Amino acid sequence: MAKLNLPFPLGGTSNHLRTAALRRVGGWDAYNVTEDADLGFKLWSEGWRLGVLESPTWEAPPGALERWLPQRTRWLKGYMQTWGVHTRAPRALGRRGQLSLAMTLGAAIVSAASHAPTLAWLIAALMVALNIGMAPVVPLASFAVLAVGVLAAWMGCAAGARRAGLDYRLTDMLAAPAYWSLLSLAFVHALWRLIVAPYAWDKTAHDAEIDVECTSLMTVDAGREAA
């Protein structure tokens, strides 16, 4: 998307911004809980271009479900906020920007809402078919779309794991649909939180991870010196 000069949601781990660009768009949105995702589209709509740094960013995952779920809930709630903001004035993004918004935030919201119901429907259709001794009635086109999506996700995870030097096992592939279905739980939480606490920003605690190579390069005053 960067090569095609399309807007996309920025990640919150490591961003490098020109101060002039940030000031031009009015800075961060203090009321958006994924202000980085919102900023990507704001910058692009004002004529700035987004790029991607190839160097990796080292950050530990949130860990167990009690920390993972609030993080994904906040992400989805922020995506809903960002979608609402940038669809108020669609001309600011134009057709290409609107397409990018739908491909990123829109697809993330819809897929999170549909993962668990889709898996439940497939399991129910299979169980009913086995019970009556008939092949499950699944539209071929629907099954083809589902198969392509799952294969693409598996391939993406496999490529990412290989680049990171991690193992991507068969058990990981089989457990992926169950993991994706948890996003539907996060979607329900996000929708409810958007109604009752739209501006609450839940800080995510991450697992402690000590990288010897990175630690040797860090000092106590590194942030002050950079500022």
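Residues numbered from 1 in each chain as written. Predicted model: local features only at pLDDT ≥ 70, side-chain atom pairs only at ≥ 80, totals over all residues. Heavy atoms only, no water.

J.: Let's hear about helix α6 (residues 170–196): which residues, and what values?
T.: Spanning 27 residues, α6 covers 41 Å between terminal C-alpha atoms, matching the ideal 39 Å at 1.5 Å per step. The largest bend in α6 is about 40°, located at A176, with the proline P177 one to four residues further on. Taken together, the buried positions of α6 are occupied by A176, W180, S181, L183, S184, A186, F187 and A190. Looking at the buried positions of α6, the neighbouring elements they touch are α3 (65–86), α4 (94–132) and α5 (140–164). (Helix = DSSP H or I, 4+ residues; strand = E, 2+ residues; numbered from the N terminus. Expected span 1.5 Å × (residues − 1). Bend = angle between axes of the 7 residues up to and from the residue. Buried < 20%, exposed > 50% of the residue type's maximum accessible area, 1.4 Å probe, protein only. Contact = heavy atoms within 4.5 Å.)

J.: How would you explain α4 if you had to name every residue and give the values?
T.: Since there are 3.6 residues in each turn of an α-helix, residues three or four apart along the chain are aligned in direction. A maximum bend of about 40° is found in α4 at G106. Turning to α4, the residues buried within the fold contact α2 (35–45), α3 and α6. The first or second residue beyond α4 is G133, which carries a positive phi of 75°.

J.: Can you tell me about the side chain of Q81, naming the residues and giving the values?
T.: Along the polypeptide, Q81 turns up in helix α3. A relative accessible area of 11% places Q81 in the buried class. Apart from the residues within four sequence positions on either side, Q81 is in contact with Y31, N32, V33, L194, P198 and Y199.

J.: Please set out the layout of surface pockets residue by residue, giving values where relevant.
T.: Its volume calculated, the largest pocket comes out at about 1,100 Å³. E59, P61, G160, A164 and L166 are, among the 27 residues lining the largest pocket, the residues nearest its centre. Of the residues belonging to the lining of the largest pocket, the class tally is 15 nonpolar, seven polar and five charged. Of the volumes computed, that of the second largest pocket is approximately 920 Å³. (1 Å grid on protein atoms, 1.4 Å probe; cavity = no way out; pocket = protein on both sides within 12 Å on 5 of 7 lines; lining within 4 Å. Points joined across faces, edges and corners; volume = space filled by probe spheres on them. Nonpolar A, V, L, I, M, F, W, Y, C, P; charged D, E, K, R; others polar.)

J.: Quick one: what's the story with the pattern of salt bridges, residue by residue and with numbers?
T.: Inspection of the entire model under this criterion finds three salt bridges. Linking R24 and E46 is a salt bridge whose minimum nitrogen-to-oxygen distance equals 3.8 Å. Pair noted here: R24 is in helix α1 (residues 19–24) and E46 is in the loop between α2 and α3, with a separation of 22 residues, a long-range link. Judged by relative accessible area, which is 36%, E46 ranks as partly exposed. With a shortest N-O distance of 3.9 Å, D38 and K42 are connected by a salt bridge. (Salt bridge = Lys/Arg side-chain N within 4 Å of Asp/Glu carboxyl O.)

J.: Provide a residue-level description of the nonpolar core, including the pertinent values.
T.: With 17 residues, the main nonpolar core has L76, Y79 and F187 as its most contacted residues. The set of elements that each furnish at least two residues to this core consists of α2, α3, α4 and α6. Of all the elements, α3 adds the most residues to this core, at five residues. What L76 contacts, discounting residues up to four positions off in sequence, is A108, I109, A112, L183, A186, F187 and A190. (Core = buried A, V, L, I, M, F, W, Y, C linked by side-chain atoms within 4.5 Å.)

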